[in-house]
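# Observations on the model geometry
Given next are the chains, with one letter for each unit.
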Amino acid sequence: MAQSRHAVVIGGGIGGLTAAAALHRRGLRVTVLERARSLEPVGAAISLAPNALRALDVIGLGDEIRGLAVWSGDGGLRTPSGRWLSRSSAEAAAERFGGPLVLLHRATLIERLAALLPADAIRTDAAAALADSGGPGRAARVTTADGELEADLVVGADGVRSAVRGALFPRHPGPVYSGFTTWRVVIPVPGARFPSHETWGRGRIWGTHPLKDGRVYAYAAALAPAGGRAPDDEKSELLRRFGDWHDPVPAVLAATRPEDVLRHDVHHIAEPLPAYHLGRAALLGDAAHAMPPSLGQGGNQAIEDAIVLAHHCDDLAAYTAARLPRTTAIARQAVKAARLSLMNSRAGTALRDTAMTALSKAGPALFLRGFDGIATWAPPQPPYASEHTPAGNR
């Protein structure tokens, strides 16, 4: 492939930077246009499953990220009183899926991905719009404040409110509100020692996880009308909703300042797109298939998309064929998982908790089975990273 071929990536998040790194590795000249003034992500931590780590192996980053794994021993699912509904083991998951689960700050991953690109490849404070998706014998065109760029490939990695998606598929209804809002914090919690866990209540969930750097990542979600905000501040809202839950939730909240808390409503794409490409333009990540965070696969699927897109950059129809069925199925599974974890009726919650306890007693392998076909995926190009990964999942 000639070095003169040019790819323009609109969006400098995890999916966009992974795509840029993979396309650069294939020999394309890459320009990343990020509308924010810096690449510093608005967000907290991200969980990378073995499927995403195998994808990162293709651009030489997988082992470095695996080295940041911190979760070991038991973790699992709890009730607000602290009772364990199910236990999970890092070792069992790694054995089943051929690799570890890694939790790290998004800024760390962004930094590592950006370092794989030439210094002049990334332009910040650079809002961009797709003017023409191009076609056979016609380059795609992207408009910016500094003028127009022509590209052999345009990658729309501009998130759930993607303007590129709107330009490619103007009749698509776009994202819908998922019915719940989320809060996230990454903070130091001196003296905190606890197993990694997620806790399910009635219409509310909480998760607390240690990071490699000694900080704690905590997140929460609750059923709420769209656009809601706390009457005072979001820390106070978390105290009202979760302040009497089991340890270490009170300790985490005590260590949290109001300015540490990020709150975002969750939206997802309920109606799948007809394709992930049109002409010389392609979509990836939330722009293509935004999903609730209930499976922890949003960022993982964006990374998969990026690596597969680079593999099929000469045949975007093959990219759509490889990605649309898989991501549609995972997005639907994520919606179902969100409804289960945020169940609000007393009777339904009691039945759910009983079922989760019984599932746990049947063995951790049974509990993990829901991630078969998700975490066991490997990219279509080497290195595959795990001899335990079935070839059919590539």
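For the structure itself, look to the data block above.
This structure is a prediction, so every number in the text was calculated from the model and none was measured.

With that out of the way, let us pick up the overall build of the chain. Tallying secondary structure elements over the chain gives 13 helices and 18 strands in all. Here the chain has a C-alpha radius of gyration of 21 Å; the compact-globule value for 394 residues is 21 Å, and the two agree. Taking the principal axes of its C-alpha atoms as reference, the chain extends roughly 65 × 50 × 40 Å. Looking at the chain as a whole, 55% of its 394 residues qualify as buried. Sequence separation of 24 or more characterises 72% of the internal contacts of the chain that already satisfy a separation of 6 or more. When the accessible area of the chain is evaluated, it comes to approximately 16,700 Å², of which 53% is carbon and sulfur surface. Looking at the chain, you have 43 positive and 37 negative side-chain charges, and the mean spots of the two groups are 6 Å apart.

For A20, the location among the structural elements is in helix α1 (residues 14–25). On the basis of relative accessibility, which here comes to 0%, the residue A20 falls in the buried class. Through-space distance from the C-alpha of A20 to that of I122 is 9.4 Å; in sequence the pair is 102 residues apart.

Take the packing of α1 against helix α5 (residues 106–114) next. Where α1 contacts α5, the axes come no closer than 9 Å and their chain directions differ by 20°. With respect to their mutual orientation, α1 and α5 come out roughly parallel. As for the relative orientation of α1 and α5, their crossing is left-handed in sense. The residues of α5 that touch α1, namely those facing I14, L17 and T18, are R106, L109, I110, L113 and A114. Grouping the amino acids of the contact of α1 with α5 by side-chain chemistry returns six nonpolar, one polar and one charged.

Bringing the environment of H311 into the picture now. Following the sequence through the fold, H311 ends up in helix α10 (residues 298–311). In this structure H311 comes out as partly exposed when scored by relative accessible area, which is 32%. In this structure the C-alpha to C-alpha distance between H311 and G156, which are 155 residues apart in sequence, comes to 16 Å. Discounting chain neighbours no more than four positions away, the residues touching H311 are R26, P380 and Q381.

Rules behind the numbers
Residues numbered from 1 in each chain as written. Predicted model: local features only at pLDDT ≥ 70, side-chain atom pairs only at ≥ 80, totals over all residues. Heavy atoms only, no water. Helix = DSSP H or I, 4+ residues; strand = E, 2+ residues; numbered from the N terminus. Rg over C-alpha atoms; globule rule 2.2 N^0.38 Å. Buried < 20%, exposed > 50% of the residue type's maximum accessible area, 1.4 Å probe, protein only. Contact = heavy atoms within 4.5 Å. Areas by Shrake-Rupley, 256 points an atom, 1.4 Å probe, with all protein chains shown as cover. Lys, Arg positive; Asp, Glu negative; His and termini not counted. Charge placed at Lys NZ, Arg CZ, Asp CG, Glu CD. Axes fitted to C-alpha atoms, helices over the stretch in contact; angles between N-to-C directions. Parallel < 35°, antiparallel > 145°, perpendicular 65-115°, else oblique. Left-handed = near helix turned anticlockwise from the far one by under 90°. Nonpolar A, V, L, I, M, F, W, Y, C, P; charged D, E, K, R; others polar.

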